[in-house]
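Reading the structure
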Amino acid sequence: ILQVLRTIGRLSATQINILLTGETGTGKELVARAIHATSARSQQPFVAISTAAIPAQMLESELFGHEKGAFAGATSMRIGRFEEAAGGTLFLDEIGDMPLDLQARLLRVLSEGVFYRMGGNDLIQADVRVIAASHQDLALRVEQGLFRADLYHRLNVVGIHLPALRERAEDVPLLMQQFLNQAAKDFGSHATKILSPAALALCQKAAWPGNVRQLDNVCRWLTVMTPTQWINENDLPPEVREAVSVAPHSELMGDAQF
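Structural notes, computed from the coordinates. Please read these numbers as outputs of a predicted model, since none were measured by experiment.

**Some remarks on the layout of surface pockets**
Computed from the structure, the largest pocket encloses a volume of approximately 700 Å³. In this structure, the largest pocket is lined by 25 residues; those nearest its centre are Thr26, Gly27, Leu30, Arg168 and Val212. Broken down by secondary-structure element, the contributors of at least two residues to the lining of the largest pocket are helix 1 (2–11), helix 2 (28–37), helix 8 (172–186) and helix 10 (211–225). Of all the elements, helix 2 adds the most residues to the lining of the largest pocket, at six residues. Of the residues in the lining of the largest pocket, the class split is 12 nonpolar, four polar and nine charged. As a volume, the second largest pocket reaches approximately 160 Å³.

**Let's talk about the nonpolar core**
In summary, soluble globular proteins display a tendency toward joint burial of nonpolar side chains. By size, the foremost hydrophobic cluster in this structure holds 29 residues, and its most contacted members are Leu63, Phe82, Leu92, Ile95, Leu106 and Leu155. Secondary structure elements with two or more residues in this core: strand 2 (46–50), helix 3 (56–64), strand 3 (89–93), helix 5 (100–112), strand 6 (129–134) and helix 7 (149–155). The leading source of residues in this core is helix 5, at five residues. Not counting residues within four places of it along the chain, the set of residues in contact with leucine 106 comprises Phe64, Phe82, Leu92, Ile95, Met98 and Leu151. Listed in part, the 20 residues of the second largest apolar core include Val172, Phe179, Ala199 and Leu200.

About the cut-offs
- Residues numbered from 1 in each chain as written.
- Predicted model: local features only at pLDDT ≥ 70, side-chain atom pairs only at ≥ 80, totals over all residues.
- Heavy atoms only, no water.
- 1 Å grid on protein atoms, 1.4 Å probe; cavity = no way out; pocket = protein on both sides within 12 Å on 5 of 7 lines; lining within 4 Å.
- Points joined across faces, edges and corners; volume = space filled by probe spheres on them.
- Helix = DSSP H or I, 4+ residues; strand = E, 2+ residues; numbered from the N terminus.
- Nonpolar A, V, L, I, M, F, W, Y, C, P; charged D, E, K, R; others polar.
- Core = buried A, V, L, I, M, F, W, Y, C linked by side-chain atoms within 4.5 Å.
- Buried < 20%, exposed > 50% of the residue type's maximum accessible area, 1.4 Å probe, protein only.
- Contact = heavy atoms within 4.5 Å.

This is the structure we're talking about:
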């Protein structure tokens, strides 16, 4: 993760496009926001959109806007996310789910820096930095004909891969400390919960399929549901306890706590 942070620092002074990859919940949007916040565009908008969350027939309008009467139901003009992000950063999450025909239009915008609203005749300047993200293997999707190779290379000027939490178990204690502190503040608790050494060891051995997002949710759950300040192994939710590989009891014990 230190390499990721160093890369963010190097990208601060550039305007190049970036592709973030990694499993769901690894913090791709947080990295995108960090890149924006440390760039020359930091005082301008940061606009995020998940292409997977919007129906394909609505995505073009969502990105580029439309003119009144552009299609049935378009009763007024609407600006899209590219215009909303003018001067700033546009974060395109789950870019791998974008339909091929829309990929072609996005490629043109990235290449030429201009676009039309749907049903419009006026060229609009696309003064945005694009940061794209995907949990999918886009290179494989290119081979399968599901993603345009030219768009992939246009987006992947610099690629940053965010490792899964199970690949960096040494980060779990620091992350849990931060999340437990924040949960105590959010819920008005007088004291932050404390994990026993055994409970912390179990957390470091858990698979965490939901990655950092799941870890955050578990810390919030523990803050609300644990009756005492001290969190033992049995206080951990089943999703954590049952996702731990079998190991001798002595191996699970440690001397770290917070």
